[in-house]
Amino acid sequence: MKFEDLLLEIGGFGRFQILILFILCLPRINLPMHFLLHNFLAATPSHHCAIPHQEAFVNLTMEEVLLISIPREPDGTFRSCEMFSQPQFHLLLNSSLQPENNSIIQHCQHGWVYDHSQFTSTISTQWDLVCEQRGLNQATATFFFIGVTMGAVVFGYLSDRFGRKAMLLLSLVCSVIFGMLSAASISYSMLAIMRTLTGVALSGVSLIVLPLGMEWVDIQHRTFSGILTSIFWSIGNMLLAMVAYLVREWHWLLVAVTGPCLLSIVCLWWVPESARWLIANGKVKQAHRHLLTCARMNGRKDFAEDVPLTTYAQRIVLQWQHKKPGGSYSYISLFRTPVLRKISLCSGAVWFGVAFSYYGMSMNLTGFGLNMYLSQFVFGVIEIPAKMIMYVVMNRAGRRQSQAWALILTGLCIGANVIIPKPFTSLRSVVAIMGKGFSEAAFTAVFLYTSELYPTVLRQNGMGYTSFVARLGGALAPLVFLLDEVWRSLPEVTYCGVAASCGSVAFLLPETLNAHLPEGIEDVE
């Protein structure tokens, strides 16, 4: 007897499952509010060098003081990171005569003055993470994703060892603690450490929520459940834009996006441990209790009273023990045989390209001609139809074609905005929104496609490996923005090239549409 058969008898998708999925969607909303928080937490407003007061400036306006103290860019704006070593009073007579002698230009010596019209404070203004320290500002997001990468390894093991619910609770509690400590940071070093630990904790939420919900749902409704939980990620995207618009001070912004974890902790009381995990670990009595609750809530009272579920559960345990493979599998097993090695290398490249381009677009809210709050909101809205359309397309055109073209079109949209002139803001915005839709479609496809490529005995290892590669892509994405010092459009060209190249690699993967899921390595080979 299979667990799916038992699940159908007690109701594979009734009120019990709907309640669980709804509760598990609450922490799912919270994830993008932290994963994309860098856009607002580390935003850098316009700034210029601070000018020390001099008696000669008494009769000058602020505009005139800036004119004689700070050199200008070719477009007439004041430079952000340089100042004159001595006031250039002759510029008051003719401001167009910019000095040609660079020896009188130096880096800011007295700090910076920031425009506070949009942000009360960010970590950039708090610790002057601009100019020479700009790399540290972008590294804040990288530290967070390094934490997410480490957390994937830690919580992946712990959730299999100690149970889904216990580790989800631990993850949420740690997220609250480290999130609040991040808000209370008194130095950049403290913030970097706390954000890294927050990434570790939230990685547990990201890893556990989906499997815990799926393990209570029957096969026919798993796709629907996946779409539902994925849509709540997009809702979190939209809520982040609204919260960031209302809270412009970085300490309180961190508190605002961390607070909802407390609600998730309280609601987790009504979520049972995975009966599938309990049975697999021989905890039949606990599984029996949860299965009875499921049967009653789903209106299967006669079944719950008449049928000894413990007997069913024990038969499933004996069956799983009998079918347990003799050999042990690890990440190395993904590369031992030729076909599996090709799948692992190609799927790793696709996952890297998907995450790299997704976070590259998501963290460049000001580069497409829209207000950054509106960009964040619209990017969240466009993800919902993109997810729904992708599921339809994948069932018609196949997994391989859908995955490849979604990622290639993402790259082409990013590349198009390199060519489209800046004054065409409406066109740039439309292309950016289309690119974000394709990017989310690629992310939606890669989860389903990868789970179908790997055999059952290695599926969890395969998902863990590809998830690790994706986290590396997410960690590197914010650092690529620093390449604009070499060439202003180089970050976009990089995102475009990586997305198109990795999308092309997807053509090398086998098609899995309407194919039976492989059970062992020999099925793949």
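Residues numbered from 1 in each chain as written. Predicted model: local features only at pLDDT ≥ 70, side-chain atom pairs only at ≥ 80, totals over all residues. Heavy atoms only, no water.

- Within an unreviewed UniProt entry, the label attached to the protein chain reads Solute carrier family 22 member 7, and the organism entered is Pygoscelis papua.
- Recorded under Sequence similarities (unreviewed entry), the UniProt text for the protein chain is reproduced unchanged: "Belongs to the major facilitator (TC 2.A.1) superfamily. Organic cation transporter (TC 2.A.1.19) family." (UniProt positions renumbered as here; feature names shortened; annotations may be inferred.)

1. Some details on the UniProt feature "transmembrane region" (unreviewed entry) in the protein chain
Turning to step 1, where the next piece is worked out: Here the UniProt feature "transmembrane region" (unreviewed entry) sits at residues 139-159, 166-186, 192-212, 224-246, 252-271, 343-361, 373-393 and 405-424.
Turning to step 2, where the next piece is worked out: Along residues 224-246 the backbone is 100% helical and 0% strand, and the end-to-end C-alpha distance reaches 33 Å. (Helix = DSSP H or I, 4+ residues; strand = E, 2+ residues; numbered from the N terminus.)

2. Description of a nonpolar patch on the surface
Turning to step 1, where the next piece is worked out: On the surface, Leu19, Val266, Trp269 and Trp270 cluster together to form a nonpolar patch covering roughly 500 Å² of accessible area.
Turning to step 2, where the next piece is worked out: According to the relative accessible area criterion, Trp269 is exposed, its value standing at 68%. (Patch = residues over 30% accessible without salt bridge, like charges linked within 9 Å, V, L, I, M, F, W, Y side chains within 5 Å. Areas by Shrake-Rupley, 256 points an atom, 1.4 Å probe, with all protein chains shown as cover. Salt bridge = Lys/Arg side-chain N within 4 Å of Asp/Glu carboxyl O. Buried < 20%, exposed > 50% of the residue type's maximum accessible area, 1.4 Å probe, protein only.)

3. Digging into the packing of aromatic side chains
Pairs of aromatic rings are described using the distance from one ring centre to the other and the angle between the two planes.
Turning to step 1, where the next piece is worked out: Tallied over the full model, the rule gives 19 aromatic pairs.
Turning to step 2, where the next piece is worked out: Aromatic pair Phe35 and Phe145: ring centres 5.9 Å apart, planes at 80°, arrangement edge-to-face. Linking Phe35 in helix H2 (residues 15-35) with Phe145 in helix H6 (residues 134-162), this pair joins segments that are 110 residues apart in sequence.
Turning to step 3, where the next piece is worked out: Here Phe35 falls in the buried class, since its relative accessible area comes to 2%.
Turning to step 4, where the next piece is worked out: On the accessibility criterion, Phe145 (1% relative accessible area) is buried.
Turning to step 5, where the next piece is worked out: Each residue in the set Phe35, Phe144, Phe145, Trp233, Trp351, Tyr358, Tyr359 and Phe443 is aromatic and connected to the rest through ring pairs, giving one cluster.
Turning to step 6, where the next piece is worked out: It is Arg248 that lies over the ring of Tyr245; its NZ or CZ is 4.8 Å from the centre. (Phe/Tyr/Trp six-rings, centres within 6.5 Å; stacked < 30°, edge-to-face > 60°. Lys NZ or Arg CZ within 6 Å of the ring centre and 35° of its normal.)

4. Examining the pattern of salt bridges
Note that side chains of opposite charge can pair when their charged atoms are close.
Turning to step 1, where the next piece is worked out: Per the counting criterion, the structure on display carries six salt bridges.
Turning to step 2, where the next piece is worked out: Among the ionic pairs, Lys436 bridges to Glu383, the shortest N-O distance being 2.5 Å. Placement of Lys436 in helix H19 (residues 425-453) and of Glu383 in helix H17 (residues 372-397) is noted, with a sequence separation of 53 residues between them. No difference in accessibility class separates Lys436 from Glu383, as the two residues are buried.
Turning to step 3, where the next piece is worked out: Overlapping salt bridges, with partners in common, bring together Arg134, Asp484 and Glu485 in one network.

5. Details of the state of the cysteines
Turning to step 1, where the next piece is worked out: Summed over the entire model, instances satisfying the criterion amount to two disulfides.
Turning to step 2, where the next piece is worked out: Here Cys49 pairs with Cys108 through a disulfide, and the sulfurs are 1.8 Å apart. Looking along the S-S bond of the Cys49-Cys108 disulfide, the torsion reads about -65°, which is the left-handed sense. On the criterion of sequence distance, the pair formed by Cys49 in strand S1 (residues 47-49) and Cys108 in the loop between strand S3 (105-107) and strand S4 (112-114) is long-range, its members being 59 residues apart.
Turning to step 3, where the next piece is worked out: You can call Cys108 buried: its relative accessible area is 13%.
Turning to step 4, where the next piece is worked out: In this model Cys81 forms its disulfide with Cys131; the gap between the sulfur atoms is 2.0 Å. Handedness of the Cys81-Cys131 disulfide follows from its S-S torsion of about -95°: it is left-handed. (Disulfide = S-S within 2.5 Å.)

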